[in-house]
Amino acid sequence: MNSVRPVSPDRLPELLRAMPKAELHIHIEGSLEPELIFALAKRNGMALPYANVEKLREAYAFTNLQSFLDIYYAGASVLITEQDFYDMTRAYLERAAQDNVIHAEIFFDPQTHTARGVSMETVIKGLHRACVDAQAELGISAALILCFLRHLSEEEAFETLEQALPWRDLIIGVGLDSGEVGNPPEKFARVFARCRELGLHLVAHAGEEGPPAYIWTALDLLKVERIDHGVQSAKDPALMQRLAKDRIALTVCPLSNLKLCVFPDLARHNLRQLLDAGLAATVNSDDPAYFGGYMNDNFTQTFAATGMDAQHAWTLARNSFEASFANAATRRGHMERLTACFETFR
Ligand code: ADE
Ligand code: ZN
């Protein structure tokens, strides 16, 4: 089913919320709600530089990526024990399941934690246990992608990879995140080559704030399979053609782009332009606790602002399953659930 029956505009939000979908771009530390930050700080006997949850939320007024990252890394400092990592991940997966996310590929930033003396074992075991329990108890499948912080060195990335190797089987891939401009993908070409030899899937943030050149080098030097964000590709027609031809998925995060001032408003977001040009774009939440919305908020607000329709909804959900790293049989099952959902919306 590649062309879908029209759905009346008043029923479109219902369809967007009900349709099964995969989330491929979620930083688990970015799902830490202020209430959980305060609860974990209390449990771990830590003081926070904010009087209460409301004061912390008031600080979430960002002007660009770096202004967000400063507060995001500070928020993550309340994570100490394996149970903390479990509770954070469990809370995200419960919230995602409410939005009919049936598969999630979750980024984590181990260097944010190992730099504070929290072991790689603590981080990965807590995240993994939550993923296993969520499959059994919520029916949502989840996998982990270890991200290297690009503002740190290649040497530190190699050390991080070394520390993760005992748990190689608990991660499906690696990514690259943190401050983009001035930290081009090529800085990590050798680490990514090693990860490729290890059979890990490869993704990287590129073209969030950085130039199209970073997307080219993520593809050609890092050999990534998906581009996280990638919205700056619209500035380079040859790159758009390459991404469309090779079916390289873009994990686009509209509310993130809005909150970090990548676009002045959602009506001017280029998701629709990317899709209409034949790129394999997907919708994702990035750091939902900080950007004011989980998956369905991203879908409903972006559709309302850009006038996309049921055909776009189908394409976005299909792209999310096709671009996932789930095995072929699982992806076929996901597509069957998507088809069944659309058949109920006549
Ligand atoms: N880490 C968490 N969110 C991020 C984003 N939007 N870009 C880069 N690094 C991040
Ligand atoms: Zn991101």
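By convention here, each chain's residues receive numbers from 1 onward along its written sequence. Following the order in which they are written, the chains are lettered starting with A and the ligands numbered starting with 1. Local features are withheld for residues below a pLDDT of 70 in this predicted model, meaning they are given only at 70 or higher, and side-chain atom pairs are given and counted only at 80 or more; totals for whole chains, interfaces and linings count all residues. Neither water nor hydrogens contribute to the side-chain values; these are computed over all heavy atoms in the structure.

Digging into the nonpolar core
Next up, step 1: Residues grouped as a nonpolar core are buried Ala, Val, Leu, Ile, Met, Phe, Trp, Tyr and Cys residues, joined through side-chain atoms within 4.5 Å. Throughout, exposure labels follow a simple rule: accessible area from a 1.4 Å probe, protein chains only, divided by the maximum for the residue type, with under 20% read as buried, over 50% as exposed, and the rest as partly exposed. With 106 residues, the main nonpolar core has Phe148 and Tyr290 as its most contacted residues.
Next up, step 2: When residues no more than four places from it in sequence are discounted, the contact partners of Tyr290 are Glu29, Gly30, Leu32, Ile37, Tyr60, Phe62, Phe68, Ile71, Tyr72 and Gly75.
Next up, step 3: Grouped together as the second largest cluster of nonpolar side chains are 5 residues, Ile145, Cys147, Val203 and Phe325 included. By definition, residues are in contact when any of their heavy atoms lie within 4.5 Å.

Remarks on the environment of Gly278
Next up, step 1: Mapping Gly278 onto the fold places it in the loop between helix H13 (271-276) and strand E8 (280-283).
Next up, step 2: With 40 residues separating them in the primary sequence, Gly278 and Ala238 have C-alpha atoms 13 Å apart.
Next up, step 3: Once residues within four sequence positions are removed from consideration, Gly278 is found in contact with Ala244 and Arg247. Counting from the N terminus, the helices are DSSP H or I runs at least four residues long and the strands are E runs at least two residues long.

Here we look at the pattern of salt bridges
Next up, step 1: By convention in these notes, a salt bridge is any Lys or Arg side-chain nitrogen within 4 Å of a carboxyl oxygen on Asp or Glu. Evaluated as defined, the whole model comprises 21 salt bridges.
Next up, step 2: Measuring nitrogen to oxygen at the nearest pair gives 2.8 Å for the salt bridge that ties Arg190 to Glu154. Of the two residues, Arg190 sits in helix H9 (residues 189-197) while Glu154 sits in helix H8 (residues 154-164), which places them 36 residues apart along the sequence.
Next up, step 3: A salt bridge links Glu197 to Arg194, with the shortest nitrogen-to-oxygen separation between them at 2.9 Å. Residue Glu197 and its partner Arg194 are both found in helix H9; the two are separated by 3 residues, about one turn of the helix.
Next up, step 4: Take Glu197: its relative accessible area is 62%, and that puts it in the exposed class.
Next up, step 5: In the salt-bridge network here, residues are joined through shared partners; they are Asp220, Arg242, Lys245 and Asp246.

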